[in-house]
Amino acid sequence: WEGVEPLEFGPMPSLQDEVSVVGYPEGGEGVSVTQGVVSRIEIQRYAHSGANLLAVQIDAAINPGNSGGPALNADGDVIGVAFQNQLDSQNIGYVIPAPIIAHYLVDDAPSDPRRPAGFPSLGIFWQALDNPQLRAYLGMEGRTGVRIRGVAPTAPAAALLRTGDVLLELDGHAIANDGSFAIGGQERLSFAHLIHLKFAHQTIGLRVLRAGEELELEVPVRPLQRLIPPTAYDEPLPYFIYAGLVFVPFVEPYLHEWGDDWQQDAPHELVQLVLSGAQSEAAEQPVLLSRVLPSPQTAGYLTLADRRVLSVNGERVLNLRQMHALVQRLQAECDHLAFEVQCVGGPAVIAIDTSTAEQEAKAILETYRIPAAASPDLCGQSET
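Burial analysis of strand β17 (residues 287-292) places five of its six residues in the buried class, which makes it a mostly covered element. Pairing between strand β16 (residues 245-249) and β17: five bridges, direction antiparallel. Across the sheet, proline 249 pairs through a bridge with valine 287, a residue of β17. Where β17 lies against strand β18 (residues 307-312), three bridges are found, and the strand directions are antiparallel. In the sheet register, leucine 288 faces β18, and the bridge partner there is arginine 308.

Bringing the side chain of glutamine 331 into the picture now. On the secondary structure map, glutamine 331 appears in helix α6 (residues 320-333). Since its relative accessible area comes to 16%, glutamine 331 is described here as buried. A polar contact is formed between the side chain of glutamine 331 and the side chain of tyrosine 242, at a distance of 2.4 Å. Residue contacts for glutamine 331: discarding those within four places in its chain leaves Tyr242, Leu337, Thr354, Ala357 and Glu358.

Compared with an ideal rise of 1.5 Å per residue, which puts 14 residues at 20 Å, helix α7 (residues 354-367) spans 20 Å between its outermost C-alpha atoms and is within 8% of the ideal. Of all the bends in α7, the greatest, near 25°, is centred on glutamate 360. Those residues of α7 that fall on the buried side of the exposure criterion are Thr354, Ala357, Glu360, Ala361, Ile364 and Leu365. Summarising the contacts, the buried residues of α7 are in contact with β15 (240-242), α6, β20 (336-341) and β21 (348-353). Phi for arginine 369, located one or two positions after α7, is positive at around 55°.

Further remarks concern the packing of aromatic side chains. For the coordinates displayed, the defined rule picks out seven aromatic pairs. Measuring from centroid to centroid gives 4.6 Å for tyrosine 46 and phenylalanine 83, while their planes differ by 45°, and the two rings are tilted. Note that tyrosine 46 is positioned in the loop between β2 (32-45) and β3 (52-58) and phenylalanine 83 in strand β5 (residues 78-85), a separation of 37 residues in sequence. Using a relative accessible area of 7% as the deciding quantity, one classes tyrosine 46 as buried. Relative to tyrosine 254, the ring of phenylalanine 250 lies with its centre 6.4 Å away and its plane at 80°, an arrangement referred to as edge-to-face.

Cut-offs and rules
Each chain has its residues counted from 1, running along the sequence as written. Predicted model: local features are reported for residues with pLDDT of at least 70 only, side-chain atom pairs are reported and counted for 80 or more only, and whole-chain, interface and lining totals are derived from all residues. Only hydrogens and water are set aside when side-chain values are computed; all heavy atoms of the structure are taken into account. Think of it in three bands: with a 1.4 Å probe and only protein chains considered, a residue is buried below 20% of the maximum accessible area for its type, exposed above 50%, and partly exposed in between. By definition, any uninterrupted DSSP run of H or I lasting at least four residues is a helix, any uninterrupted run of E lasting at least two residues is a strand, and each is numbered from the N terminus. At least two DSSP bridges between two strands are required for those strands to pair. Any pair of nitrogen or oxygen atoms within 3.5 Å is treated as a polar contact; in protein, a donor-acceptor pairing is required on top of that, and neighbouring residues in sequence qualify only through side-chain atoms on both sides. Any two residues having at least one pair of non-hydrogen atoms within 4.5 Å are treated as being in contact. Helix span is expected to be 1.5 Å times the residue number reduced by one. At any given residue, the bend is defined as the angle formed between two axes, one fitted to the seven residues that end at that position and one fitted to the seven that begin there. Aromatic pairing here means that ring centres of Phe, Tyr or Trp (its six-membered ring) are within 6.5 Å. Orientation follows from the plane angle: under 30 degrees is stacked, over 60 is edge-to-face, and everything else is tilted.

Functional significance is not addressed by these values, which are geometric in nature.
Set out below in structure tokens:
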């Protein structure tokens, strides 16, 4: 690397700024340079992580192989890194901007400095206040902001914010009725970006309107886990099998088995959990009855696959590890195990005779050539 000078990060670009994208996309072996302008700056879903963070949209061509290449401004400074494009459209590519990269580079988790803690969240659900009648009802009196319609139970903000509060300012920035704040002369961004610039367990200043009174609050922010993880990389999916019933944790890629139109084709109850589900406590992750392996003991249950497991013998299922331990305990204590699975109109029940379950499980594993009744991470665990 002697004689090689690193590129410097530049400032955030503005709309219509010229950019050049450098990389090695498909179609040749040499370096490729494409040019365009900044066409949009807003919060976008990152395809690789599922996170919703600030992204810069450009009309310079970004093709497979461009990912990781720098996007340069007219001064040769790096304004971001190319990482995805819009399918089935032309000249719509996305760049991770420098502020997001800078945050990632200095962020580290207290438990493991080699890993980032993640981008924090305030944990609120909000409603835009574009309608003047609604603003009058809330007593806005010329002020702007958004109405808080809910707070995630796992967020620190749950102890400080209330449903019905109106968020007026965030970190000193006035919030518009559509949830945006001003940046630069004519540009606006979602207020979520102000939260993303913080680090885990920092606080952010809020001005809220509550029952006609303005309050100044310092609210902690931290990364919040989604009820349904959006990605599952580099690790085998945990599972366990009980008497022909196959249980797995619910992750969004599970629904991708229904194809690109999974939001329309996959079971609607599961799609709804992905789109709008929220954790009620930190360790919660739904468990699915993924398959019902045909056997005499599972007769009549085959149509109940691909459903969420709600409880076992009346005890709530929190996640796969807790459920596996729960089944082990109840197997020794009860004559039958009754699994409640989610269905429209009310849960269905799957009852298994515990006296024959172990013998049946061995036959099923042999019949379907399954090496173990549970994934290695669950073997040998006990209930906690």
